[in-house]
Amino acid sequence: MPKRRLMTPGPTQVPEQALLSLARQITHHRTDEFRSLVAEVLDGLKYVFQTENDVVVLASSGTGAMEAAVVNVVPRGGKALVLESGKFAERWRKIGEAFGVEVIRYEVPWGERFEAAEVARLLHLHADVVAVYATLSETSTGVGHDIEAIGRVVAPTKSLLVVDGISSVGAMECRTDTWGIDLLVVGGQKGLMSPPGLAFLAVSPAAWRQIESIDRQAFYFDLVAYRKALAAPDTPYTPAIPLIAALAESLRLFRLEGIDRIWERTRGLARATRAGLSAMGLNLTSAFPADSLTAAYVPDGTDGKRLLDRLEARFGVKLAGGQGPLKGKIFRIAHMGMIDELDILSALAALELVLVELGHPVALGCGVAAASRVLAERADVAHQQKTVCGATGAAFQENVF
Ligand SMILES: *Cc1c(COP(=O)(O)O)cnc(C)c1O
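Residues numbered from 1 in each chain as written. Predicted model: local features only at pLDDT ≥ 70, side-chain atom pairs only at ≥ 80, totals over all residues. Heavy atoms only, no water.

**Some remarks on the sheet that holds strand E13 (residues 320-321)**
And then number 1: One open sheet holds the 3 strands; their spatial order is E11-E14-E13, and the pairing between them is antiparallel. Two strands bound the open sheet, and with one partner strand each, they are strand E11 (293-297) and E13.
And then number 2: As paired elements, E13 and strand E14 (residues 330-334) share 2 bridges and run antiparallel to each other. Of the residues in E14, the one forming a bridge with Ala-320 is Arg-332. (Pairing = 2+ DSSP bridges. Helix = DSSP H or I, 4+ residues; strand = E, 2+ residues; numbered from the N terminus.)

Next up, the structure:
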């Protein structure tokens, strides 16, 4: 069996320190020792989220925190504006519909971005929208949305801004407070390098006022109970104790490196990945790519499922396929958390080899060379050589975003 190389946009690899902490005996949570661990984790999360707002920890996957961000904010019959352009944004709408929320949809085709001016127009038209639901990195298409621009048009209105940062926070730039995000939803198993099972919400004072004023359709996810527990700090029900201990280890690494440097490093990995894939003649799914993952089309005539199966069987490289209408048509590669420069180069090398094995013409080494050039640029290495190589030997347009 080949060495496992998990490179999906969630779950992601977990640092060794965090894995080792999972081997320890369970401790009790109503103790000073555990409360001080929670205090440290909350501080670390605030740092990574770039917020002074309260942060709440839930024992659930990311979707649980999404549900909490709906049921606590918009009452049954209330209005929400959902910015929809992919599988995960669609989930905002589905959760709203499940709880009787009146959903106004601003839909753009998958792979496109939202116009802040259109959000402003819709909020003017529907002044009673309680909250706008957006997604920072739409994991199904690999699009990075301009939340800063959307935040600017939501800020002067009465609506709250809720952002799904599940596949982006901890990897790509997210300035919760500066961008005016009232509720930021994050999952543990992506950019935060934690084992699956934890989700977080950063809640602004305006969001708390709204939450406390409505009839919430929630019990386990009733955020008011979590707010009360924050005084300790504590959680209202048994927390996922080992996962919180593991998260504390991962968060220490964020402090060590510094969040700005991590954002920059991720940006470099994203640019290298895009350059590599483009040099191999592959098309990216969007002109507005996120920094935390890259999605590209499987070349015509190649079976998407075979490509992914072979990458895993031959090299242990686990990438993600497409979802919904993109199933079988795209593959997605993460560059968040533990993923480093050599992981990207190996994944590109594996892709080249497997594409050749499946009969798709790629000049071996071409993608790797283009990605290396971007990485060398970052490392400020002089004397870079611009070798020209392409799928069929013809010159290609190097596509570096
Ligand atoms: C992964 C993901 C989710 C869902 O998270 P789960 O932890 O699987 O519930 C939601 N939104 C985005 C953008 C994601 O990437």
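**Considering the confidence of the model for the protein chain**
And then number 1: Counting all residues, the mean pLDDT for the protein chain is 94, and 94% of those residues have values of 70 or more.
And then number 2: With pLDDT under 50 throughout, residues 391-401 is counted as low confidence; its partners more than four residues away or in other chains account for 24 contacts. (pLDDT = per-residue confidence, 0-100. Contact = heavy atoms within 4.5 Å.)

**Describing the site of the ligand**
And then number 1: Of all residues adjacent to the ligand, which total 13 residues, the nearest are Ser-61, Thr-63, Thr-139, Asp-164 and Lys-190.
And then number 2: A distance of 2.6 Å separates a nitrogen atom of the ligand from a polar side-chain atom of Asp-164.
And then number 3: In this structure, Lys-190 approaches the ligand through a side-chain N or O atom, which is 2.7 Å from an oxygen atom.
And then number 4: Notes on the ligand: free accessible area 380 Å², of which the protein chains cover 88%.
And then number 5: Contributions of two or more residues to the shell around the ligand are made by helix H3 (62-71) and helix H4 (87-98).
And then number 6: Taken together, the residues of the shell around the ligand break down into 3 nonpolar, 7 polar and 3 charged. (Near = heavy atom within 4 Å. Polar contact = N/O pair within 3.5 Å; in protein donor to acceptor, adjacent residues only side chain to side chain. Areas by Shrake-Rupley, 256 points an atom, 1.4 Å probe, with all protein chains shown as cover. Nonpolar A, V, L, I, M, F, W, Y, C, P; charged D, E, K, R; others polar.)

**Describing the pattern of salt bridges**
And then number 1: Counting across every chain of the model gives 26 salt bridges.
And then number 2: Ionic pairing is found between Asp-128 and Lys-79, a salt bridge with its closest N-O pair at 3.2 Å. Of this pair, Asp-128 sits in the loop between helix H5 (116-125) and strand E5 (129-135) while Lys-79 sits in strand E3 (residues 79-84); the two residues are 49 residues apart in sequence, bridging distant segments of the chain.
And then number 3: Judged by relative accessible area, Asp-128 falls into the partly exposed class, the value being 47%. (Salt bridge = Lys/Arg side-chain N within 4 Å of Asp/Glu carboxyl O. Buried < 20%, exposed > 50% of the residue type's maximum accessible area, 1.4 Å probe, protein only.)

**Quick word on the domain arrangement of the protein chain**
And then number 1: Each assigned domain of the protein chain is listed here: domain 1 (16-256) and domain 2 (258-400).
And then number 2: Distance from the C-alpha centre of domain 1 to the C-alpha centre of domain 2: 30 Å.
And then number 3: Counting from both sides, the interface comprises 30 residues of domain 1 and, opposite them, 24 residues of domain 2.
And then number 4: The tally of links from domain 1 across to domain 2 stands at 2 salt bridges.
And then number 5: For the interface between domain 1 and domain 2, the tally reads 10 residue pairs in polar contact (both at pLDDT 80 or more).
And then number 6: Elements with a minimum of two residues in the side of domain 1 that touches domain 2: helix H2 (32-49), H4, strand E7 (143-144) and helix H9 (241-257). (Domains from an automatic or database assignment.)

**Topic: the side chain of Glu-138**
And then number 1: When you line up the elements, Glu-138 lands in strand E6 (residues 137-138).
And then number 2: Separated by 2.5 Å, the side chains of Glu-138 and Ser-140 make a polar contact.
And then number 3: When sequence neighbours within four positions are dropped, the list of residues in contact with Glu-138 reads Ser-85, Gly-86, Lys-87, Phe-88, Ala-89, Val-143 and His-145.

**Things to note about the pairing of E3**
And then number 1: Burial runs high along E3: 6 of the 6 residues are buried.
And then number 2: Here E3 runs beside strand E4 (residues 102-107); their pairing, made up of 6 bridges, is parallel. Across the sheet, residue Val-82 finds its bridge partner in E4, namely Arg-105.
And then number 3: For E3 and E5, the ladder comprises 4 bridges, and the chain directions are parallel. When the bridges of E5 are listed, Lys-79 appears paired with Val-129.

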